[in-house]
Amino acid sequence: MTTCPSDFALEESLLDDDSEAGRHVATCPLCAQRLGEMEVQRQHFRRVVRPHTIDAILARAPTTRPAASWKVWMASLASVSALAAVLIVMTPGAETRPVPTEHAKGGPSSQPASPAPSPFVLSVFAGSHGVVHPVADGDEIPAGAELRFRVGTPHACWLTIASLDDKGAVSHLYPAGAPAFSVPGGNAELQGGALLDGVPGAERLFAVCTPAPVAPEELSRAIQSSVTPSSMAHAAPPLALPDGTVQSTLLLRKGP
Amino acid sequence: VTPEQRRVVELYDQYGPVIYRRSLKLLRDPGLAQDATQEVFLTLLKEMPRETHPRSVLAWIFRTTTRHCMNVIRETGRRQRREDQVATYDWDLSVSPDQETLGDRRLAAAVLERFDPTTQAVAVAVLVDGMPHDEVARALDVSRKTVGRKLARFLDRARKHLVRSAT
């Protein structure tokens, strides 16, 4: 493709960055600028349009459930997720401690007679240059990689994903435009994701799912009082958050 | 929040920005685009086949949002009774098959409303979006031949309309 793609083709490229338009965009400053404008409009949607319309949408949405629900397609992630890239698994509240991956996946428990609460599972996938792969704790990934998330929660709760960088700054990663995102109990692939800042260095992700949305300031305080840049490479203690919170953390090393 | 509502919210987060971008481009008015986004998304919930691949959803959004926005423009024009308040476009008729130019954007918008929804969508896709015919055919789920035929008809009638208006 020698000419710049249409808006329609650009939208298609967002679904599949290995498309012809996606390959063109990767080398075209003008199209990169257009994608930036599209992102600005997406942010406007999240900040302005969505809050003003979501109530009416929910009130007027068809009440009859289809015979089969929509299938959320994440084609590039589906095959990867089959590898069950379960990274960090933790149980609720004060008893936060790692649980074996096999348990999280439904495998045999060491204490089958006393069923423990279902764990909180966070899976992270990094995409870069059209390649998507699961990320394990301590993995090095491209500094500008896009992250996608899958979570498994024991019950419905409010999810927030934030990060602490090696300069001590806390960033809100997910969801964009809102403090928290309501997730049902069970496994869910999260729509959208987060784009890393492109700056090499360590970054620790914190995924928390709280009974009620937690204010960004409260989460930032909890992170900064629990972990410091000098200690972030070590196992992080649970964040001090309300009872019923389930949480998970993961260390990323952003490479050049 | 029920599971069904959560599903709706997830779909809105996924496709709402796509609808909004398209609406904003055609309507040039954030308020109208917001209303259009809401209406088109509700239509999507009602009409889209289940388990539809995102590429098909994208094409559906392109078609339906274009048609909806054309209706909004028509209704807006009727209400206002003033042609200069009808949304205008960056028409680029140099990409038309016979290299015609219309010139007057407002008149072009007025001409557009005389055609059926598919022809409107073809004209907007080619003349406003600058999309190649095969891409328009894919987005509108019609043949490439249909795209060419409808575009030629649109240009022919638009030209005659312009001649009549000029005289």
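The model shown is predicted, which means the values in this text are computed figures rather than measured ones.

**Digging into the overall build of chain B**
Summing up its helical and strand segments, chain B has seven helices and zero strands in all. The linear arrangement of helices and strands in chain B, starting from the amino end, is α-α-α-α-α-α-α. Residues counted as buried form 54% of the 167 residues belonging to chain B. Of the roughly 7,800 Å² of accessible surface on chain B, 45% is carried by carbon and sulfur atoms.

**So, the state of the cysteines**
Residues and elements named next belong to chain A. The tally for this structure, following the rule as stated, stands at one disulfide over all chains. A disulfide bridge connects Cys157 with Cys209, and the sulfur atoms are separated by 2.1 Å. Handedness here is read from the sign of the S-S torsion; for Cys157 and Cys209, about 95 degrees, the answer is right-handed. Pair noted here: Cys157 is in strand β6 (residues 157–165) and Cys209 is in strand β11 (residues 201–210), with a separation of 52 residues, a long-range link. Here Cys157 matches Cys209 in class, with each residue buried. Unpaired in this structure, Cys4 has its nearest cysteine sulfur neighbour in Cys31, at a distance of 3.6 Å. We classify Cys4 as partly exposed; its relative accessible area is 35%.

**Some remarks on the nonpolar core**
Residues Leu147, Phe149 and Leu159 of chain A together with Phe41 of chain B are the most contacted members of the largest nonpolar core, which totals 82 residues. It is helix α1 (residues 3–27) of chain B that provides the largest number of residues to this core, a total of 11 residues. Formed by 15 residues, the second largest nonpolar core is a distinct cluster that contains Val214, Ala222, Ile223 and Leu251 of chain A.

**What to know about the packing of aromatic side chains**
On inspection of all chains with the given rule, the structure shows five aromatic pairs over all chains. Taking the centre distance of 4.7 Å and the plane angle of 45 degrees together, the rings of Tyr12 of chain B and Phe41 of chain B count as tilted. Of the two residues, Tyr12 of chain B sits in helix α1 while Phe41 of chain B sits in helix α2 (residues 30–47), which places them 29 residues apart along the sequence. Tyr12 of chain B sits in the buried class, given a relative accessible area of 0%. Here Phe41 of chain B falls in the buried class, since its relative accessible area comes to 0%. One aromatic cluster is present, built from ring pairs that chain together Phe45 of chain A together with Tyr12, Tyr20 and Phe41 of chain B.

**Some remarks on the layout of surface pockets**
To find leftover empty space, one rolls a probe the size of a water molecule over the atoms. What the second largest pocket holds in volume is close to 840 Å³. Along its surface, the second largest pocket is lined by 36 residues, and Pro5, Ser6, Asp7, Phe8 and Arg34 of chain A are the ones closest to its centre. Sorting the residues of the lining of the second largest pocket by element identifies α1 (7–15), α2 (20–25) and α3 (29–60) of chain A together with α1, α3 (54–80) and α6 (133–140) of chain B as the ones contributing at least two each. Tallied by class, residues from the lining of the second largest pocket come to 16 nonpolar, five polar and 15 charged.

**What about the interface of chain B and chain A?**
In many analyses, interface size is given as the accessible surface area lost on bringing the parts together. Each partner contributes residues to the interface: chain B has 45 residues there, and chain A has 43 residues. Taking both partners together, chain B and chain A bury about 4,300 Å²; carbon and sulfur atoms supply 64% of that area. Three residues, Tyr12, Arg21 and Arg55 of chain B, lead the burial of chain B against chain A; their summed loss comes to 15% of the area buried on that side. Along the contact surface separating chain B from chain A lie six salt bridges. Two residues, Arg138 of chain B and Glu12 of chain A, come together in a salt bridge whose shortest N-O distance is 2.7 Å. If you look at where chain B meets chain A, you find 10 residue pairs in polar contact (both at pLDDT 80 or more). At the level of elements, α1, α2, α3 and α6 of chain B are the ones that each hand at least two residues to the side of chain B that touches chain A. If one sorts the elements of the side of chain B that touches chain A by residue count, α1 of chain B sits on top with 19 residues. Tallied by class, the residues present in the side of chain B that touches chain A amount to 22 nonpolar, eight polar and 15 charged.

**Comments concerning the confidence of the model for chain A**
Confidence in the prediction of chain A, expressed as mean pLDDT, is 70, and 68% of residues score 70 or more. In this model, residues 65–118 of chain A is a region of pLDDT below 50 whose contacts with residues beyond four sequence positions or in other chains number 89 contacts.

**Some points on unusual backbone geometry**
All names here are of chain B. In this model, Arg28 sits at a positive phi of 60 degrees, which is unusual for a non-glycine residue. As for its position among the elements, Arg28 is in the loop between α1 and α2. You can call Arg28 partly exposed: its relative accessible area is 46%. Unlike most non-glycine residues, Asp141 shows phi in positive territory, near 60 degrees.

Cut-offs applied
- Residues numbered from 1 in each chain as written.
- Chains lettered and ligands numbered in written order.
- Predicted model: local features only at pLDDT ≥ 70, side-chain atom pairs only at ≥ 80, totals over all residues.
- Heavy atoms only, no water.
- Helix = DSSP H or I, 4+ residues; strand = E, 2+ residues; numbered from the N terminus.
- Buried < 20%, exposed > 50% of the residue type's maximum accessible area, 1.4 Å probe, protein only.
- Areas by Shrake-Rupley, 256 points an atom, 1.4 Å probe, with all protein chains shown as cover.
- Disulfide = S-S within 2.5 Å.
- Core = buried A, V, L, I, M, F, W, Y, C linked by side-chain atoms within 4.5 Å.
- Phe/Tyr/Trp six-rings, centres within 6.5 Å; stacked < 30°, edge-to-face > 60°.
- 1 Å grid on protein atoms, 1.4 Å probe; cavity = no way out; pocket = protein on both sides within 12 Å on 5 of 7 lines; lining within 4 Å.
- Points joined across faces, edges and corners; volume = space filled by probe spheres on them.
- Nonpolar A, V, L, I, M, F, W, Y, C, P; charged D, E, K, R; others polar.
- Contact = heavy atoms within 4.5 Å.
- Buried area = accessible area lost by both parts, 1.4 Å probe.
- Salt bridge = Lys/Arg side-chain N within 4 Å of Asp/Glu carboxyl O.
- Polar contact = N/O pair within 3.5 Å; in protein donor to acceptor, adjacent residues only side chain to side chain.
- pLDDT = per-residue confidence, 0-100.

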